[in-house]
Amino acid sequence: MKIIATGLLVLMAIVYFTSKSYEEVHPALGFVRAFAEAAMVGGLADWFAVTALFRHPMGIPIPHTAIIPRNKDRIGNTLANFLKSNFLITRIVAQRMHGVDLAGGVGRFLKSPSGGEGRLKMGASRLIGDIIASLDQDRLGSMFKGAVKSQARDLDLATPLGQILEVVMKENRHGPLIDSTIKWAYRTLDANEYVIRAIVFDRANTVMRWTGLDDRLANEVVDGLYKLLADMASDPEHPVRTKSEEALAQLAVELKTDPALRERIEQWKLEMIENPAIADWIDGIWENGRNALLKASRDPDAAMAGHFGDALMQLGSSLQKDPILNRQLNRFARRAVAGVVASYGDNIVKLVSETIHGWDAQTITDRVENAVGRDLQYIRVNGTLVGGLVGVSLHTLGYWI
């Protein structure tokens with residue numbers, strides 16, 4: 001457009017000098033000369049006006065030229081205030097968001113993620129993947145592990161354990177727990193029978209050993225324990241089993257009320273948190289989660305497959321069909337965006353202003369000129385043509401007068 005506008009000005013100059021030279025040949029050439037002469041004036045005037053916006057014409061520091069570079073800070077402040085006054089107002093944002101069906105859009109995307117939004121989906125996925133990959137893995141991992149440990153330290157473990165045990169006892173679902181404990185005790189006894197015999201042998205005196213009573217006593221103890229476990233397993237009303245149930249019920253109450261027991265549970269929890277094995281387990285959760293996010297972001301179609309994808313598609317269908325859920329999500333989005341504007345609107349304005357202040361004069365000149373420069377060159381073209389028409393009109397008027 002600069003070439004066209006400048007070329008048109010040069011053409012008018014050629015036409016002017018040519019028609020001026022041959023004007024005596026025919027009176028009509030006077031109209032051509034008048035058009036070209038006025039067109040040059042209009043073209044030069046508009047060239048000066050357009051150039052003066054961005055720089056000094058021909059490098060001459062004429063007053064009131066290079067307007068944008070000289071006033072870039074004021075332009076930044078004005079633009080920031082314009083944004084604040086016309087866009088970043090909570091009331092205006094809420095009104096604009098009122099007509100935005102965010103829930104419907106999310107629902108359509110989740111219901112058919114491979115549809116027309118494919119390019120958007122792939123672009124967003126790549127962006128998320130690049131963000132995850134660019135984050136400091138060790139630092140972010142330390143933050144994640146620190147957050148998990150902090151939450152675990154603040155967790156009241158004794159109360160929910162007591163509540164769970166209480167519910168299990170009330171609903172009579174503790175039977176499998178006791179049965180499993182009996183089976184575990186049976187296996188333990190079977191694997192450690194020699195320990196019991198060794199204890200009896202160590203406590204027996206010489207006479208018992210000489211008469212073999214220690215072996216008989218050990219057999220009686222072992223057989224008695226086997227019989228006790230077998231009776232408990234076969235008889236739901238066994239006294240020892242009943243005592244175990246009473247002990248579990250009492251434990252449920254003490255987990256919620258006994259300060260000493262709650263303190264022991266708390267100490268046990270803290271020891272578990274600091275255990276190296278728990279730290280390795282948390283590391284594994286972080287690495288697996290990070291790798292899963294990267295894999296999903298690189299291949300969103302695979303991430304949408306399986307049960308997880310089915311669940312998201314079902315959610316998308318619900319967002320489209322359930323008016324209550326749709327209305328609640330849209331209300332939440334409006335409040336969230338309005339809250340962001342109310343809380344961070346001034347910071348957004350400050351960001352715009354400070355960013356423009358940080359640009360050098362050449363940067364802001366190039367960016368503004370690239371944004372609107374084509375239209376400004378049209379002004380030069382129009383100025384040339386309009387100036388020519390005005391010149392012809394004045395020349396014609398001169399003949400009439």
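In this text the structure is predicted, and so the values were computed from the model without any measurement.

Regarding its fold elements, the chain presents 20 helices and 0 strands. Looking at the chain residue by residue over its 401 residues, the buried ones come to 26%. Counted over contacts in the chain with a minimum sequence separation of 6, partners at least 24 positions apart contribute 71%. Split by element, the accessible area of the chain, about 26,500 Å² in all, is 63% carbon and sulfur.

What follows is about the pattern of salt bridges. Applying the stated rule across the entire model yields 7 salt bridges. Among the salt bridges present, the one from Asp231 reaches Lys227, with a minimum N-O distance of 2.9 Å. Placement of both Asp231 and Lys227 in helix H13 (residues 213-234) is noted, with a separation of 4 residues, approximately one turn of the helix. Classification of Lys227 by relative accessible area gives exposed; the value is 53%. Residues Glu266 and Lys269 are paired through a salt bridge, measuring 3.0 Å at the closest nitrogen-oxygen approach. Within this pair, Glu266 and its partner Lys269 are both found in helix H15 (residues 259-274), separated by 3 residues, close to a single helical turn. Among the charged side chains, a network of salt bridges with common partners joins Glu23, Arg33 and Glu37.

Time to look at the packing of aromatic side chains. Overall, the coordinates contain 2 aromatic pairs when judged by the stated rule. Ring centres 5.2 Å apart and planes at 70 degrees place the aromatic pair Tyr16 and Phe17 in the edge-to-face group. Residue Tyr16 is classed as buried on the basis of its relative accessible area, which comes to 15%.

Note that Ser19 resides in helix H1 (residues 2-21). Looking at Ser19, its side chain comes within polar contact range of the main-chain oxygen of Val15, at 2.8 Å. Ignoring any residue separated from it by four or fewer positions in sequence, one finds Ser19 in contact with Leu29, Val32 and Arg33.

With that settled, consider the nonpolar core. Judged by nonpolar contacts, Leu165, Met169, Ile178, Ile182, Leu189, Ile196, Val222, Tyr226, Leu229, Met232, Leu248 and Ala252 together constitute the single largest core of 12 residues. Those elements giving two or more residues to this core turn out to be helix H9 (158-170), helix H10 (175-191), H13 and helix H14 (239-257). For this core, the element with the most residues is H13, which contributes 4 residues. Setting aside its immediate chain neighbours within four residues, Ala252 contacts Gly162, Leu165 and Glu166. Counting 10 residues, the second-largest nonpolar core is a separate cluster that includes Leu9, Met12, Ala13 and Ala36.

This paragraph deals with a nonpolar patch on the surface. Together, Val386, Val390, Leu394, Leu397, Tyr399, Trp400 and Ile401 line one region of the surface with nonpolar side chains, adding up to about 850 Å² of accessible area. The topology assignment puts Tyr399 in helix H20 (residues 361-400). Assessed through its relative accessible area of 51%, Tyr399 is described here as exposed.

A word on the confidence of the model for the chain. When pLDDT is averaged along the chain, the result is 78; 84% of the residues meet or exceed 70. At the level of individual helices and strands, the chain shows its lowest average pLDDT in helix H17 (residues 300-303), which scores 57, and its highest in H1, which scores 91.

Take unusual backbone geometry next. At Met58, a position not held by glycine, the phi torsion is positive, near 60 degrees. Within the element layout of this structure, Met58 appears in the loop between helix H2 (28-54) and helix H3 (67-70). Classification of Met58 as exposed rests on a relative accessible area of 72%.

With that out of the way, let us pick up H14. A turn of α-helix holds 3.6 residues, and therefore any two residues three or four places apart point the same way. With 19 residues, H14 extends 27 Å from end C-alpha to end C-alpha; this agrees with the ideal 27 Å at 1.5 Å per step. Here H14 has its buried residues at Arg241, Leu248, Ala252 and Leu255. Burial along H14 is one-sided: seen end-on, the buried residues are contained in an arc of 75 degrees. For H14, the exposed residues lying more than 90 degrees away from the buried face are Pro239, Lys243 and Thr257.

The next thing to look at is the side chain of Thr159. Within the fold, Thr159 resides in helix H9. Leave out the neighbours within four places in its chain, and Thr159 touches Leu255, Lys256 and Arg262.

So, about the packing of H10 against helix H11 (residues 193-203). Running from amino to carboxyl end, H10 crosses H11 at an angle of 60 degrees, the nearest separation of the two axes being 4 Å. Classified by the angle between their axes, H10 and H11 sit oblique to one another. Touching Leu189, Asp190 and Ala191 of H10 are Glu193, Tyr194 and Ile196, all from H11. Taken together, the residues that form the contact of H10 with H11 break down as 4 nonpolar, no polar and 2 charged.

Conventions and cut-offs
- Residues numbered from 1 in each chain as written.
- Predicted model: local features only at pLDDT ≥ 70, side-chain atom pairs only at ≥ 80, totals over all residues.
- Heavy atoms only, no water.
- Helix = DSSP H or I, 4+ residues; strand = E, 2+ residues; numbered from the N terminus.
- Buried < 20%, exposed > 50% of the residue type's maximum accessible area, 1.4 Å probe, protein only.
- Contact = heavy atoms within 4.5 Å.
- Areas by Shrake-Rupley, 256 points an atom, 1.4 Å probe, with all protein chains shown as cover.
- Salt bridge = Lys/Arg side-chain N within 4 Å of Asp/Glu carboxyl O.
- Phe/Tyr/Trp six-rings, centres within 6.5 Å; stacked < 30°, edge-to-face > 60°.
- Polar contact = N/O pair within 3.5 Å; in protein donor to acceptor, adjacent residues only side chain to side chain.
- Core = buried A, V, L, I, M, F, W, Y, C linked by side-chain atoms within 4.5 Å.
- Patch = residues over 30% accessible without salt bridge, like charges linked within 9 Å, V, L, I, M, F, W, Y side chains within 5 Å.
- pLDDT = per-residue confidence, 0-100.
- Expected span 1.5 Å × (residues − 1).
- Arc of directions from axis to C-beta.
- Axes fitted to C-alpha atoms, helices over the stretch in contact; angles between N-to-C directions.
- Parallel < 35°, antiparallel > 145°, perpendicular 65-115°, else oblique.
- Nonpolar A, V, L, I, M, F, W, Y, C, P; charged D, E, K, R; others polar.

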